[in-house]
Number of protein chains: 2
Amino acid sequence: MANISGIAKLAGVSVSTVSRVLNNHKYVSDDKREAVLKVIEEMNYTPNKNAIDLIRGETKTVGVILPYNNNPAFDQMLNGILNKASENDFSVTVLPSEYNKNKEIGYLQKLKSKLFDGIIIASRASDWETIIPYSNYGSIVSCEYTHNTEIGCSYSDRYSSYLDTFQLLKNRGHFAVAFTTARLESNSTNQMIDAYNEVFGELPTYYHISDCQCLDDGWEAAKKFLQSPERPTAIYANGDEVAGGIYLYATSQQVNIPADLAIIGQENQPTGSVLGITTIDHQLTKVGEEAFNLVLNKSREKIKVPYSIIERESV
Amino acid sequence: MANISGIAKLAGVSVSTVSRVLNNHKYVSDDKREAVLKVIEEMNYTPNKNAIDLIRGETKTVGVILPYNNNPAFDQMLNGILNKASENDFSVTVLPSEYNKNKEIGYLQKLKSKLFDGIIIASRASDWETIIPYSNYGSIVSCEYTHNTEIGCSYSDRYSSYLDTFQLLKNRGHFAVAFTTARLESNSTNQMIDAYNEVFGELPTYYHISDCQCLDDGWEAAKKFLQSPERPTAIYANGDEVAGGIYLYATSQQVNIPADLAIIGQENQPTGSVLGITTIDHQLTKVGEEAFNLVLNKSREKIKVPYSIIERESV
DNA sequence: TTGAAAGCGCTAACAG
DNA sequence: CTGTTAGCGCTTTCAA
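About the criteria used
Residues numbered from 1 in each chain as written. Chains lettered and ligands numbered in written order. Predicted model: local features only at pLDDT ≥ 70, side-chain atom pairs only at ≥ 80, totals over all residues. Heavy atoms only, no water. Patch = residues over 30% accessible without salt bridge, like charges linked within 9 Å, V, L, I, M, F, W, Y side chains within 5 Å. Areas by Shrake-Rupley, 256 points an atom, 1.4 Å probe, with all protein chains shown as cover. Salt bridge = Lys/Arg side-chain N within 4 Å of Asp/Glu carboxyl O. Helix = DSSP H or I, 4+ residues; strand = E, 2+ residues; numbered from the N terminus. Buried < 20%, exposed > 50% of the residue type's maximum accessible area, 1.4 Å probe, protein only. Least-squares fit on C-alpha atoms with pLDDT ≥ 70 in both. Contact = heavy atoms within 4.5 Å. Axes fitted to C-alpha atoms, helices over the stretch in contact; angles between N-to-C directions. Parallel < 35°, antiparallel > 145°, perpendicular 65-115°, else oblique. Nonpolar A, V, L, I, M, F, W, Y, C, P; charged D, E, K, R; others polar. Near = heavy atom within 4 Å. Polar contact = N/O pair within 3.5 Å; in protein donor to acceptor, adjacent residues only side chain to side chain.

Chain A carries the name LacI family DNA-binding transcriptional regulator in an unreviewed UniProt entry, which gives Virgibacillus siamensis as its organism.

Have a look at this one:
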């Protein structure tokens, strides 16, 4: 009998007393405590966590919805979350979505079914309208800004960041500037385009390529950019991996970096540092850490995490 | 009342009937099923998963013990696990250990406390003797080979792989070969040394540097290797990131790759492909996938995952 | 300081 | 086909 009443019986006490020693309550006489501890040891007993979670109504577990696991940016966030979760004795369950709305809803249902105390959304496909109702069942924290008061946010101010980057390029004499993004329908793509418009005016379609995730995508993007009607003198990539691909294609075509072409990446990833590519670090680890803190504190604050620019030799 | 008996009452049936429709049992009349479904819909009811897990004694969740999250090799394994877990409607909880034995034991306790159906150990600090007893409480699968019959294994035959690599180097005329490893006390470091001994004989201490994880570590290692009494003509790195650091330091010193120095990395990571570094791919994603299958099937098989060599321009 | 007993929300015999 | 009932293993009043 590997349950609490078995232990109680063997120790000659009631289940409540066993429960008390298990939970370090006071008002347990030393001798009974000893007796219980002894039996627990002998029987090699461990309490059933599901029973405890059921009663307590909380699991000390947070779910993290993220589109892709093998993606440096999301990995940084996850890493931040794991750091803080470990510190606070929380578990982290990874919820891969591939931007599939049904999967996202399925994960939110798990919040409702009391499996998680909260959910962190690294990135999403679903509308906020369909997400918000679930905030009744636990904290929902987003790693992207939203004005909805039901949702806590730990985010990077991407619009400002993009603005700064384009402005920097302009200040250095670049007027033909192209850029890549990850998903066409995403918020940050919109912000990128808005920032471009603000600094350079109308965006020629051939200066924007989306669906870039990895090195190869960067390579292909560079190929197209360098054949465009008006060849860009600078490219802003949506990640250092992509930037690396651009760098490689360019150099393979005897295009000199930065003399003929400036490149800026994002997120300060190894590939970028290898190639000496200037990068905008949105501090995604920090974003993840703050996101966890928000669910820990059941807070719905909006926390803006500062970004920083790391200048290297590609601009 | 957001529980099953509330639903039962409102639908005018017993809890068992509600339970039956919830679990798609047959032998429920269509009209009662309709009625129940209607109330569930109206009340926006979702069953409490903790109660279910408690009764069923299983959680459809697997824990993954891995030392570091932000490590390309472990990320590949995790990715494989997540792929298969998603397919099979399992959840994955990440258990970061930093090779801390206490943390590892803590995670195994969670298996015992019925939080997980199984645990996958990507890499470990604890001895098998202390781990094995926990296999009574759920499947434990290792991503490294062990002869213990209690433990399922999905692994890469590293000794063979290292042997092949050193042999390849030797065949190409390299006799002064150095290498890096991650942890001194690890199994794979031992296998690396054994393989070296087999191919080249005794290992000069200055041909082995451990504790290499990232690009910077590779850079520092290269610095030392290139100053060693007998400068190596080839270096085998324990990862493409480290290999990248070696490549960069070498080229920064006007050392020609591969003319003056051959470099081989591992795991086919982006940094390696950027720099054209030959690499040994241990198919870690596949290792993760097979590991998950083992816990799914409660199998204790030993599955050897084949490795492959990807030749590029660094040898 | 202790124990009895009433749940937490659900499943699964068992009886009808 | 349906309902009653006894749990799953634990926490927590309440009374003593």
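Q: Mind showing me how you'd approach a nonpolar patch on the surface here?
A: A grouping of A:Leu54, A:Ile55, B:Leu54 and B:Ile55 is seen on the molecular surface, where their side chains present a nonpolar patch of about 410 Å² in accessible area. Put simply, the parts of the chain that give the nonpolar patch at least two residues each are α4 (49-56) of chain A together with α4 (49-56) of chain B. Examined against the element boundaries, B:Leu54 turns out to sit in helix α4. A relative accessible area of 30% means that B:Leu54 is categorised as partly exposed.

Q: It is not clear to me how the relation of the copies chain B and chain A should be interpreted in this structure. Could you clarify?
A: Between the two copies of the chain lies a rotation about an axis combined with a shift along it. If you rotate chain B by 180° and push it 0.1 Å along the axis, it lands on chain A with an RMSD of 0.1 Å. The transformation relating the two chain copies, once decomposed into turn and shift, fits a two-fold axis. Of the C-alpha atoms belonging to chain B, the one lying closest to the rotation axis is found on B:Thr93, 2.1 Å away. A share of 100% of interface residues in chain B that are also interface residues in chain A marks the association as one of identical surfaces.

Q: What should I look at first to understand unusual backbone geometry in this one?
A: Outside of glycine, negative phi angles account for most residues, and trans bonds account for most peptide bonds. A:Pro258 follows A:Ile257 through a cis peptide bond whose omega is 5°. Topologically, A:Pro258 is positioned in the loop between α11 (240-252) and β9 (262-266). Not every positive phi belongs to a glycine, and A:Glu98 is a case in point at roughly 50°. Relative to the helices and strands, A:Glu98 is located in the loop between β2 (91-96) and α6 (101-112). One non-glycine residue, B:Asn24, lies in positive phi territory at about 55°. Of note, B:Asn24 is situated in the loop between α2 (15-22) and α3 (30-43).

Q: Where do I start with the packing of helix α2 (residues 15-22) of chain A against helix α3 (residues 30-43) of chain A in this structure?
A: Axes are the key here: two packed helices are described by the angle between their axes and the distance separating the axes. All names here are of chain A. Following both chains from N to C, one finds α2 and α3 inclined at 85°, their axes separated by 10 Å at the closest point. In terms of orientation, α2 lies roughly perpendicular with respect to α3. Residues Thr17, Val18, Arg20, Val21 and Leu22 of α2 form the contact with α3, whose own contacting residues are Arg33, Val36, Leu37 and Ile40. Its residues placed into classes, the contact of α2 with α3 shows 6 nonpolar, 1 polar and 2 charged.

Q: So what exactly am I meant to see when it comes to the protein's contact with DNA strand D here?
A: Taken together, 25 residues sit near DNA strand D, with A:Ile4, A:Tyr45, B:Ser16, B:Arg20 and B:Ser29 positioned nearest. In DNA strand D, atoms within 4 Å of the protein come from the sugar-phosphate backbone in 59% of cases. With respect to DNA strand D, the side chain of A:Asn23 contributes an N or O atom lying 3.2 Å from a phosphate oxygen. Here A:Tyr45 contributes a side-chain N or O atom positioned 2.4 Å from a phosphate oxygen of DNA strand D. Only α2 and α4 of chain A together with α2 and α4 of chain B provide two or more residues apiece to the surface near DNA strand D. Among the residues making up the surface near DNA strand D, the classes are represented as 12 nonpolar, 9 polar and 4 charged.

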